[in-house]
Amino acid sequence: AKEAGRNHFCFYNAMMGERNYADLALEHGLRKALRQQDLFVVYQPKIDVVSRQWVGLEALVRWTDEQLGPVSPAEFIPLAEKLGLIEELGEWVLDEVIRQMAAWPQQVRIPVSINVSARQLLDGQFAVRIAKRLAAYQLPAQRLELELTESCLVLGQDSTQKTLLRDLRAQGIGISVDDFGTGYSSLSYLRQLPLDTIKIDASFIRELPGNREDAQLVWAIIGMARALGLDLVAEGVETAAQATLLAGLGCCVCQGYWLARPASADQVAQWMDEVGP
Ligand code: C2E
Ligand code: CA
Ligand code: CA
Ligand code: CA
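Scope of this entry: the structure provided in the associated data block. Please read all numbers here as calculations on a predicted model, not as lab measurements. (Residues numbered from 1 in each chain as written. Chains lettered and ligands numbered in written order. Predicted model: local features only at pLDDT ≥ 70, side-chain atom pairs only at ≥ 80, totals over all residues. Heavy atoms only, no water.)

1. A few points about the overall build of the protein chain
At step 1: From N to C terminus, the protein chain includes eleven helices and nine strands.
At step 2: C-alpha extents for the protein chain along the principal axes are approximately 65 × 50 × 45 Å.
At step 3: Split into buried and exposed, the 277 residues of the protein chain put 44% on the buried side.
At step 4: In the protein chain, once contacts between residues fewer than 6 apart in sequence are set aside, the share between residues at least 24 apart is 67%.
At step 5: Accessible surface, the protein chain as shown: approximately 14300 Å² in total, 53% of it carbon and sulfur.
At step 6: In the protein chain, 26 side chains carry a positive charge and 35 a negative one; their mean positions are 3 Å apart. (Helix = DSSP H or I, 4+ residues; strand = E, 2+ residues; numbered from the N terminus. Buried < 20%, exposed > 50% of the residue type's maximum accessible area, 1.4 Å probe, protein only. Contact = heavy atoms within 4.5 Å. Areas by Shrake-Rupley, 256 points an atom, 1.4 Å probe, with all protein chains shown as cover. Lys, Arg positive; Asp, Glu negative; His and termini not counted. Charge placed at Lys NZ, Arg CZ, Asp CG, Glu CD.)

So, in C-alpha cells, the structure goes:
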C-alpha cells in the first residue's frame, strides 16, 4: 500500500508539473498575442428563421498560437480574467469590432454584439470610452449591443454598475442577457436592470425537439420575455427541427450551426451580399 501510495504521489507530481507547464505556455502565449495584437474576431449571424432576415451579428474573439495552435475562447477568456488581462483584451475586441463595423459595406449595417466580462463593468470610464469610439467612426450607438451573462448582471445590481448600464442604454446601446437560465440567480435583476434581449442558453436547445421538459422551459422563458417586453435569441440551434419548434413557440431569432458558423468579416460581407439586407 505504501508502494502504491508513493507511485500515486509521483504520478500526481508529474501531472502537476505538466499542467503547470501547459498553463505557463498558455499564459505566455496569451500575453504575447495581446502584445502583438495576434487575435482576430469572427462573426456569427442571428437570423430570423421566419422572415429569413439577418438581424444581427455576434463578435467572437479567436486566437491561434504559433506553438499551441487554435485555442478556444472557452479556455483563454477565463485565463485572461484570472490574469487580469481581460480589460485589455476586451478593449482590443471593442476597437477591432467598431473599426470593422465602419469598414463593412452598406449591406452589413446590422447591429453587432460584443461579449463583455464582469470586470470590464468595473471600469468607470467604460460607457464614455465606447461613446467616444463610436463617435470617432461616426457609428450610431444602436449598431452596438453588449452581451452580459446573468452572473455579470447580478453583480451589476450594485448602484454604480446600474448607472453604467443605464448610461449605455441611454446612448442607445442594446444590452443582452447571455446564457440565460444557467446563472442560478434570482430573476429580480430582470426588472431592476435596463435590458433589451434574452439569449436562451444552448443547453436548453440541445435536446429539442425530443425533450419535453426542455421544451416546457423554453416555452416558459419565451412567455416571460414577452411579458417583460424583451427580445429573444435562441443560441446553439443545430437542426431545422429545433428552429421550427422555436419559431412555433414564438422565438424566431436563432443563432447556431444550422444557420451559420462564426465566419470572417469578409465572409460575412460576401454572405450578406448574396442574401441581401
Ligand atoms: P457565448 O457568448 O455563449 O458564445 C456562443 C458560443 O457557442 C461560441 O463559442 C460559438 O462559436 C458557439 N456556437 C455557436 N453556434 C453553435 C452551435 O450551433 N452549436 C454549438 N455547439 N456551439 C455553437 P466560442 O466562439 O468558442 O466562444 C465561447 C465563449 O467565449 C463565448 O460563449 C463567450 O462567453 C466567450 N467569448 C468569446 N469571445 C469573447 C470576447 O470577445 N469577450 C469575452 N469576454 N468573451 C468572449
Ligand atoms: Ca455571447
Ligand atoms: Ca451565450
Ligand atoms: Ca455560452
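2. A few points about the layout of surface pockets
At step 1: Roughly 1000 Å³ of internal volume is contained in the largest pocket.
At step 2: Considering the residues around the largest pocket, the lining is formed by 40 residues, among which Glu 58, Leu 60, Asn 115, Asp 178 and Glu 235 are closest to the centre.
At step 3: Of all the secondary structure elements, the ones that give two or more residues to the lining of the largest pocket are strand S1 (39-48), strand S2 (54-65), helix H2 (73-82), helix H3 (86-103), strand S4 (112-115), strand S5 (144-149) and strand S6 (174-180).
At step 4: Counting residues per element, the lining of the largest pocket draws most heavily on S2, at five residues.
At step 5: Grouping the constituent residues of the lining of the largest pocket by class yields 18 nonpolar, eleven polar and eleven charged.
At step 6: By volume, the second largest pocket is sized at about 300 Å³. (1 Å grid on protein atoms, 1.4 Å probe; cavity = no way out; pocket = protein on both sides within 12 Å on 5 of 7 lines; lining within 4 Å. Points joined across faces, edges and corners; volume = space filled by probe spheres on them. Nonpolar A, V, L, I, M, F, W, Y, C, P; charged D, E, K, R; others polar.)

3. Some remarks on the coordination of the calcium ion (ligand 2)
At step 1: For the calcium ion (ligand 2), the protein coordination sphere consists of Glu 58 (OE), Asn 115 (OD1), Glu 147 (OE) and Asp 178 (OD), at 2.2 to 2.3 Å.
At step 2: Positions of the donor residues of the calcium ion (ligand 2) along the chain correspond to the pattern E-x56-N-x31-E-x30-D.
At step 3: The metal-metal distance between the calcium ion (ligand 2) and the calcium ion (ligand 3) is 3.8 Å, with Asp 178 coordinating both. Taken as a pair, Asn 115 in strand S4 and Glu 147 in strand S5 lie far apart in primary sequence, 32 residues in all.
At step 4: When its relative accessible area of 1% is taken as the criterion, Glu 147 is described as buried. (Donors = N, O, S within 2.8 Å, 3.2 Å for Na, K, Ca; no water.)

4. A short note on the coordination of the calcium ion (ligand 3)
At step 1: The protein atoms that coordinate the calcium ion (ligand 3) are Asp 178 (OD), Asp 179 (OD), Glu 235 (OE) and Glu 235 (OE), at distances spanning 2.1 to 2.6 Å.
At step 2: Mapped onto the polypeptide sequence, the residues donating to the calcium ion (ligand 3) form the spacing pattern D-D-x55-E.

5. Details of the site of ligand 1
At step 1: Every one of the 19 residues lining ligand 1 counts as a neighbour, but Arg 62, Ser 117, Asp 178, Glu 238 and Tyr 257 are closest to it.
At step 2: The contact in question runs from an oxygen atom of ligand 1 to an N or O atom on the side chain of Asp 178, over 3.0 Å.
At step 3: Protein burial of ligand 1: of its 800 Å² of free accessible surface, 78% is covered by the chains.
At step 4: Contributions of two or more residues to the shell around ligand 1 are made by S2, H2 and S6. (Near = heavy atom within 4 Å. Polar contact = N/O pair within 3.5 Å; in protein donor to acceptor, adjacent residues only side chain to side chain.)

6. What to know about the packing of H3 against helix H4 (residues 126-136)
At step 1: The contact between H3 and H4 brings their axes to 10 Å, and the two run at 25 degrees. By the criterion of interaxial angle, the relationship of H3 to H4 is roughly parallel. In the packing of H3 onto H4, the handedness of the crossing is right-handed. Note on element contacts: H4 touches H3 through Arg 129, Ile 130, Arg 133 and Leu 134, opposite Glu 91, Leu 94, Asp 95 and Ile 98.
At step 2: Along the lines of polarity and charge, the residues of the contact of H3 with H4 split into four nonpolar, no polar and four charged. (Axes fitted to C-alpha atoms, helices over the stretch in contact; angles between N-to-C directions. Parallel < 35°, antiparallel > 145°, perpendicular 65-115°, else oblique. Left-handed = near helix turned anticlockwise from the far one by under 90°.)

7. Some words on the nonpolar core
At step 1: Counting 82 residues, the largest nonpolar core has Tyr 43, Leu 89, Trp 104, Leu 146, Leu 168, Ile 198 and Ile 200 as the members making the most contacts within it.
At step 2: Per-element tally for this core: the top contributor is H3, with eight residues.
At step 3: When sequence neighbours within four positions are dropped, the list of residues in contact with Ile 198 reads Val 177, Phe 180, Leu 190, Ile 221, Met 224, Ala 225, Leu 230, Asp 231, Leu 232 and Val 233. (Core = buried A, V, L, I, M, F, W, Y, C linked by side-chain atoms within 4.5 Å.)

8. A few points about unusual backbone geometry
At step 1: Residue Pro 209 is reached from Leu 208 by a cis peptide bond, and omega for that bond is 0 degrees.
At step 2: Mapped onto the elements, Pro 209 comes out in the loop between helix H8 (202-205) and helix H9 (212-228).
At step 3: A positive phi is found at Gln 37, a non-glycine position, where the angle reads about 55 degrees.
At step 4: When you line up the elements, Gln 37 lands in the loop between helix H1 (2-35) and S1.
At step 5: Located in the positive-phi region is Asp 179, a residue other than glycine, with phi close to 55 degrees.
At step 6: Following the sequence through the fold, Asp 179 ends up in strand S6.
At step 7: Judged by its relative accessible area of 25%, Asp 179 is partly exposed.

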